[in-house]
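One-letter residues, chain by chain:
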Amino acid sequence: QVQLVESGGGLVQAGGSLRLACAASGSSFSFRAMGWLRQAPGKEREFVAAITWSGESTYYADSVKGRSTISRDNAKNTMYLEMNSLKPEDTAVYYCATRRGALFPTTPRTDRDFDSWGQGTQVTVSS
């Protein structure tokens, strides 16, 4: 088991930026690919971004590609998601997620590509 705790959410004006962080407990962080999922009001949970254990490969949903950067610091057991040019449609609960294994067998695109997640952090973007 791995425990994931998200932080960094809050209220941001459209066009602003923020950085979300995910802290993983214990040694379970090792050799795990990770990512972010989000769920907006009235919508299903969707994939946002992902990163392999080594950090050499990253993946982004079309909705955030070009204005988001996912990264990780394995020495600190922490993963980050930096988002710029935020839009009202980015409003959602953001969840840190992980899966067993250092890599993704296929390009991640849904929540089914992960096997564990945190409690989430609320991001609200005002117009």
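The structure presented is a predicted model; accordingly, all values stated were derived computationally and were not measured.

> Just to check I follow, could you spell out the state of the cysteines for this structure?
Cysteine pairs can be covalently joined through their sulfur atoms, and such a bond is termed a disulfide. Counted under the stated rule, the structure contains one disulfide. Here Cys22 is linked by a disulfide to Cys96, with a sulfur-sulfur distance of 2.0 Å. Between Cys22 and Cys96 the sulfur-sulfur dihedral comes to about -70°; the bridge is accordingly left-handed. Taken together, the residues Cys22 in strand 3 (residues 18-24) and Cys96 in strand 9 (residues 92-100) connect sequence positions 74 residues apart. Summarising the burial analysis for this pair, Cys22 and Cys96 share the class buried.

> What is the right way to read unusual backbone geometry from this model?
Among all residues save glycine, negative phi is the norm, and among peptide bonds the norm is trans. Residues other than glycine seldom take positive phi values, yet Asn77 does so here, at roughly 55°. Relative to the helices and strands, Asn77 is located in the loop between strand 7 (68-73) and strand 8 (78-83). Take Asn77: its relative accessible area is 23%, and that puts it in the partly exposed class. For Ser85, which is not glycine, the phi dihedral falls at a positive 50°. Tracing the backbone through its elements, the reader meets Ser85 in the loop between strand 8 and strand 9.

> What is the right way to read the sheet that holds strand 8 from this model?
Note: strands within a sheet are paired through backbone hydrogen bonds, in either parallel or antiparallel orientation. Read across the sheet, four strands follow the order 1-3-8-7 without closing on themselves; strand pairing throughout is antiparallel. The sheet is open, and its two edges are formed by strand 1 (4-7) and strand 7, each paired on a single side. Neighbour to neighbour, the strand axes of the sheet diverge by 15° on average, direction disregarded. Bridge analysis of strand 7 against strand 8 gives six bridges, and the strand direction is antiparallel. Among the inter-strand pairings, Asp73 is bridged to a residue of strand 8, identified as Thr78.

> Where do I start with the environment of Arg99 in this structure?
With respect to the secondary-structure elements, Arg99 resides in strand 9. Sequence separation between Arg99 and Trp117 is 18 residues, and the spatial gap between their C-alpha atoms is 8.9 Å. For Arg99, the residues in contact, after removing those within four places along its chain, are Arg32, Ala33, Phe104, Pro105, Asp113, Phe114 and Asp115. One polar contact links the side chain of Arg99 to the main-chain carbonyl oxygen of Asp113, over a distance of 2.9 Å.

What counts, and where the lines are drawn
- Residues numbered from 1 in each chain as written.
- Predicted model: local features only at pLDDT ≥ 70, side-chain atom pairs only at ≥ 80, totals over all residues.
- Heavy atoms only, no water.
- Disulfide = S-S within 2.5 Å.
- Helix = DSSP H or I, 4+ residues; strand = E, 2+ residues; numbered from the N terminus.
- Buried < 20%, exposed > 50% of the residue type's maximum accessible area, 1.4 Å probe, protein only.
- Pairing = 2+ DSSP bridges.
- Axes fitted to C-alpha atoms, helices over the stretch in contact; angles between N-to-C directions.
- Contact = heavy atoms within 4.5 Å.
- Polar contact = N/O pair within 3.5 Å; in protein donor to acceptor, adjacent residues only side chain to side chain.

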